[in-house]
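Given next are the chains, with one letter for each unit.
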Amino acid sequence: MSLIALVYLSFAKNRNATQEDLKSILEQARRNNQEQDITGLLLYRNGLFIQALEGDEQQVDAIFDVIKDDPRHTNVLVLYKNKIRERNYQDWSMGFQVIDDETLKQNPAYSDFLDKPITMQSLRDDPQHVRTLLNMFRNTG
Ligand code: FAD
């Protein structure tokens, strides 16, 4: 088995995705990922998704093939796909966090992200920014 992590960005088709829209994605993700032993984290902010998927390479590739064609989002851009020794989100079939302004304000560690608007371009230009962001939410759940 070859363990990998794949991280991508995408835009929600409905820029004002409702709680119900997000809940339905999350329910599907958790149900399927549990069966496939896929773990990860999904972040959402102002119409932008950031998702980390980890698991066996073949299974991650297979689920990502389905996810990237999902009509609920567009402009799916893989930021990185790396072999990993261990999982970052081993307890989460899919962790989830909406990063609203309140979330950013409540934790001083996120203050950096208040100064820089989180956009597709800024994240693509600076993948380390994404790694930092994902790591922050790994610690808060
Ligand atoms: P579904 O239409 O959900 O269901 C198919 C079958 O499962 C049907 O026969 C149905 O009857 C049955 N079923 C439905 N609900 C239940 C239930 N509660 N219990 C038992 N059986 C049920 N998908 C993932 O798998 N993993 C991800 O990490 C993931 N991340 C996503 C992130 C984003 C930003 C987006 C937009 C989508 C994501 N998706 C993810 C969704 C993905 O794109 C597909 O829509 C989804 O995988 C399809 O699931 P499904 O084949 O089970 O279809």
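Residues numbered from 1 in each chain as written. Predicted model: local features only at pLDDT ≥ 70, side-chain atom pairs only at ≥ 80, totals over all residues. Heavy atoms only, no water.

Q: Teacher, can you tell me more about the site of the ligand here?
A: What surrounds the ligand is a group of 17 residues, the closest being Gln28, Arg31, Asn32, Asn33 and Asp70. Between the ligand and the protein, one listed contact pairs an oxygen atom with a side-chain N or O atom of Gln51 at 3.0 Å. Asp70 places a side-chain nitrogen or oxygen 2.6 Å from an oxygen atom of the ligand. Within the complex, the protein chains bury 57% of what would otherwise be the 980 Å² of accessible surface of the ligand. When residues of the shell around the ligand are traced back to their parent elements, those giving at least two are helix 1 (19-36), strand 3 (48-56) and helix 2 (57-68). If one sorts the elements of the shell around the ligand by residue count, helix 1 sits on top with 6 residues. (Near = heavy atom within 4 Å. Polar contact = N/O pair within 3.5 Å; in protein donor to acceptor, adjacent residues only side chain to side chain. Areas by Shrake-Rupley, 256 points an atom, 1.4 Å probe, with all protein chains shown as cover. Helix = DSSP H or I, 4+ residues; strand = E, 2+ residues; numbered from the N terminus.)

Q: Before we go on, may I ask you to explain the sheet that holds strand 4 (residues 73-83) in this structure?
A: Backbone-to-backbone hydrogen bonds pair the strands of a sheet. The strands run either parallel or antiparallel. Read across the open sheet, the 5 strands follow the order 4-1-3-2-5; overall the sheet is mixed. On the outer flanks of this sheet lie strand 4 and strand 5 (95-98), each paired with one strand and no other. Ignoring which end each strand starts from, the neighbouring axes of this sheet average 15 degrees apart. Bridge analysis of strand 1 (residues 3-12) against strand 3 gives 9 bridges, and the strand direction is antiparallel. Each residue of the ladder has a partner; that of Val7, found in strand 3, is Ala52. (Pairing = 2+ DSSP bridges. Axes fitted to C-alpha atoms, helices over the stretch in contact; angles between N-to-C directions.)

Q: Help me understand the packing of aromatic side chains, please; the structure alone is not making it clear to me.
A: To describe a pair of aromatic rings, one takes the distance between the centres and the angle between the planes. Applying the stated criterion across every chain yields a total of 3 aromatic pairs. Centroid distance Tyr8 to Phe64: 5.3 Å. Interplanar angle 45 degrees. Geometry classified as tilted. Within this pair, whereas Tyr8 is found in strand 1, its partner Phe64 is found in helix 2, the two being separated by 56 residues in sequence. Of the two residues, Tyr8 and Phe64, neither departs from the other in class, the shared state being buried. Just above the ring of Phe11 sits the side chain of Arg15; from NZ or CZ to the centre is 4.5 Å. (Phe/Tyr/Trp six-rings, centres within 6.5 Å; stacked < 30°, edge-to-face > 60°. Buried < 20%, exposed > 50% of the residue type's maximum accessible area, 1.4 Å probe, protein only. Lys NZ or Arg CZ within 6 Å of the ring centre and 35° of its normal.)

Q: Can you walk me through the pairing of strand 3 in this structure?
A: Regular strands have side chains that alternate between both faces of the sheet. Burial within strand 3 is extensive, with 9 of its 9 residues counted as buried. Pairing of strand 2 (residues 39-45) with strand 3 involves 7 bridges; the strand directions are antiparallel. Paired with Arg45 across the bridge in strand 3 is Leu48. Hairpin connection between strand 2 and strand 3: a loop of 2 residues separates the two successive antiparallel strands, and Asn46 in this loop has a positive phi of roughly 45 degrees.

Q: What am I meant to see in the nonpolar core here?
A: When a protein is soluble and globular, its nonpolar side chains tend to lie buried together. The biggest cluster of nonpolar side chains holds 19 residues, and the ones touching the most others in it are Tyr8, Leu42, Tyr44, Phe49, Leu53 and Met94. Residues within four places of Met94 in sequence aside, it is in contact with Leu26, Ala29, Arg30, Asn33, Thr39, Gly40, Leu41, Leu42, Gln51, Ala52 and Leu53. Judged by nonpolar contacts, the second largest core, of 16 residues, contains Leu79, Val130, Leu133 and Phe137. (Core = buried A, V, L, I, M, F, W, Y, C linked by side-chain atoms within 4.5 Å. Contact = heavy atoms within 4.5 Å.)

Q: For this particular structure, what's the right way to read the pairing of strand 5?
A: The side-chain alternation of strand 5 yields one buried face, formed by Gly95 and Gln97, and one unburied face, formed by Phe96 and Val98. Bridging between strand 2 and strand 5 involves 4 bridges; their strand directions are parallel. Bridging from a neighbouring strand, Leu41 pairs with Gly95 of strand 5.

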